[in-house]
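Fold and geometry: a report
Take a look at the letters that make up each chain.
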Amino acid sequence: MSQYQIAVIVGSLRKDSLNRKLADAIVKLAPPEFSFRQVRIGDLPLYNQDDDENPAPAVVRMKNEIRAASGLLFVSPEYNRSIPGVLKNALDHGSRPAGQSVWTGKPAGIIGVSTGAIGTAMAQQHLRNVLSYLDVAVLRQPEAYLQMREGMFDGEGNIGAGSRAHLQNWMDHYGAWIKKNVG
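Attention in this report is confined to the structure presented alongside it.

1. Some thoughts on the overall build of the protein
- Counting its secondary structure elements, the protein contains five helices and six strands.
- In the protein, the succession of helices and strands from N to C terminus is β-α-β-α-β-α-β-α-β-β-α.
- What you see for the protein is a C-alpha radius of gyration of 16 Å, in line with the 16 Å of a compact globule of 183 residues.
- Over its C-alpha atoms, taken along the principal directions, the protein stretches across nearly 50 × 35 × 25 Å.
- Counting across all 183 residues of the protein, residues that qualify as buried make up 48%.
- For the protein, contacts bridging at least 24 residues in sequence account for 79% of all contacts bridging at least 6.
- Total accessible area computed for the protein in this model is approximately 9200 Å², and 49% of it derives from carbon and sulfur atoms.
- Charge-centre separation for the protein: the mean point of 20 positive side chains lies 3 Å from the mean point of 17 negative side chains.

Shown next, in the form of structure tokens:
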């Protein structure tokens, strides 16, 4: 039975998203006592404080899934040198109403892939800033700013041989971080 249930938040809505592909593949490198569940964020309405007392069913569902998780895994692209709006919207919904944040105290990891040379470095830094404010304990090292290259994934959608050692190292550190920080 899984001891650590991880909520995976993918910051891309695109059907053929590289980051969704990464999220699906990297979890296969995790220790056997981990289970992963992707949390849908594309159906959330735009955050509006007027709705705090009567949130939409999609907001209630997302918050419950985050509450039930031992830890978080953010897998996100970089849009215009920052995080995608859909991800920021999910973070805002989960943090409200004030004093009732579902993010508080959760351990997390951040990873992402893009076609650009710096991978998702700026988006990850911006996400770290937001998560710090939300009192999320984020794995600091190793960092993984991935540039999509030939062979990152194999024909079955798994992590390819050329990327496996690097991403296994990242996952090993992530697993240890979650185990250390689960309250």
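2. So, the pairing of strand β3 (residues 71-75)
- For β3, the buried fraction is high: five of the five residues fall into the buried class.
- The alternating pattern of β3 places G71, L73 and V75 on one face and L72 and F74 on the opposite face, and all of these are buried.
- Of the pairings in the sheet, the one linking strand β1 (residues 4-10) to β3 comprises five bridges and is parallel in character. The partner of I6 across the bridge, within β3, is G71.
- Judged from the four bridges that link them, β3 and strand β4 (residues 107-114) form a sheet pairing that is parallel. Bridge pairing links F74 to I110 in β4.
- In this region the chain leaves β3, passes through helix α3 (residues 85-94) and returns to the parallel neighbour β4; the handedness of that crossover is right-handed.

3. A word on the pairing of β1
- The buried count for β1 comes to six of seven residues, which makes it a mostly enclosed element.
- In this structure, β1 lies alongside strand β2 (residues 34-38), joined through five bridges in parallel fashion. Directly across from Y4, in β2, lies its bridge partner F34.
- Once the chain exits β1 it traverses helix α1 (residues 18-26) before rejoining the sheet at β2, and the crossover so formed is right-handed.

4. Focus: α3
- With seven of ten residues buried, α3 is to be regarded as a mostly interior element.
- Among the residues making up α3, those that are buried are V86, L87, N89, A90, L91, H93 and G94.
- Where α3 is buried, its residues contact β1, α2 (57-68), β3 and α4 (121-133).

5. Here's the deal with the packing of aromatic side chains
- One pass over the structure, following the stated rule, counts four aromatic pairs.
- Plain terms: the ring middles of F34 and F36 are 6.2 Å apart, the flat faces sit at 25 degrees to each other, and that makes the pair stacked.
- Taking the relative accessible area as the measure of exposure, F36 reaches 23% and is therefore partly exposed.
- Each ring, one from F74 and one from W103, has its centre 6.1 Å from the other, and the planes form 40 degrees; the classification is tilted. With F74 in strand β3 and W103 in the loop between α3 and β4, this residue pair connects regions lying 29 residues apart in the sequence.
- For W103, a relative accessible area of 1% corresponds to the buried category.
- Among the aromatic side chains, those forming a connected cluster through ring pairs are Y4, F34 and F36.

Parameters and conventions
- Numbering of residues starts from 1 in every chain and runs along the sequence as written.
- Thresholds applied to this predicted model are a pLDDT of at least 70 for local features of residues and 80 or more for the giving and counting of side-chain atom pairs; totals over whole chains, interfaces and linings are not thresholded and use all residues.
- With hydrogens and water excluded, all non-hydrogen atoms of the structure serve as input to the side-chain values.
- Segments assigned H or I by DSSP are reported as helices when at least four residues long, segments assigned E as strands when at least two residues long, and all are numbered from the N terminus.
- For the radius of gyration, the atoms used are the C-alpha atoms, and the globule rule reads 2.2 Å times the number of residues raised to 0.38.
- Residue exposure (1.4 Å probe, protein chains only): buried if accessible area is under 20% of the type maximum, exposed if over 50%, otherwise partly exposed.
- When checking whether two residues touch, look at their non-hydrogen atoms; a contact exists if any pair is within 4.5 Å.
- With residues, only the protein chains shown are counted as cover, and all accessible areas are computed by Shrake-Rupley using a 1.4 Å probe.
- As used throughout, the charge tally considers Lys and Arg to be positive and Asp and Glu to be negative, leaving His and the chain termini uncounted.
- By convention, charge coordinates are those of NZ in Lys, CZ in Arg, CG in Asp, or CD in Glu.
- Strand pairing follows a simple DSSP-based rule, namely that at least 2 bridges must link the two strands.
- We call a crossover right-handed when, viewed with the strands running away from us, the connection from the first strand over the helix to the second turns clockwise.
- Two rings belonging to Phe, Tyr or Trp (six-membered ring only in the last case) form a pair when the distance between their centres is within 6.5 Å. Interplanar angles under 30 degrees mark stacking, angles over 60 mark edge-to-face geometry, and anything in between is tilted.

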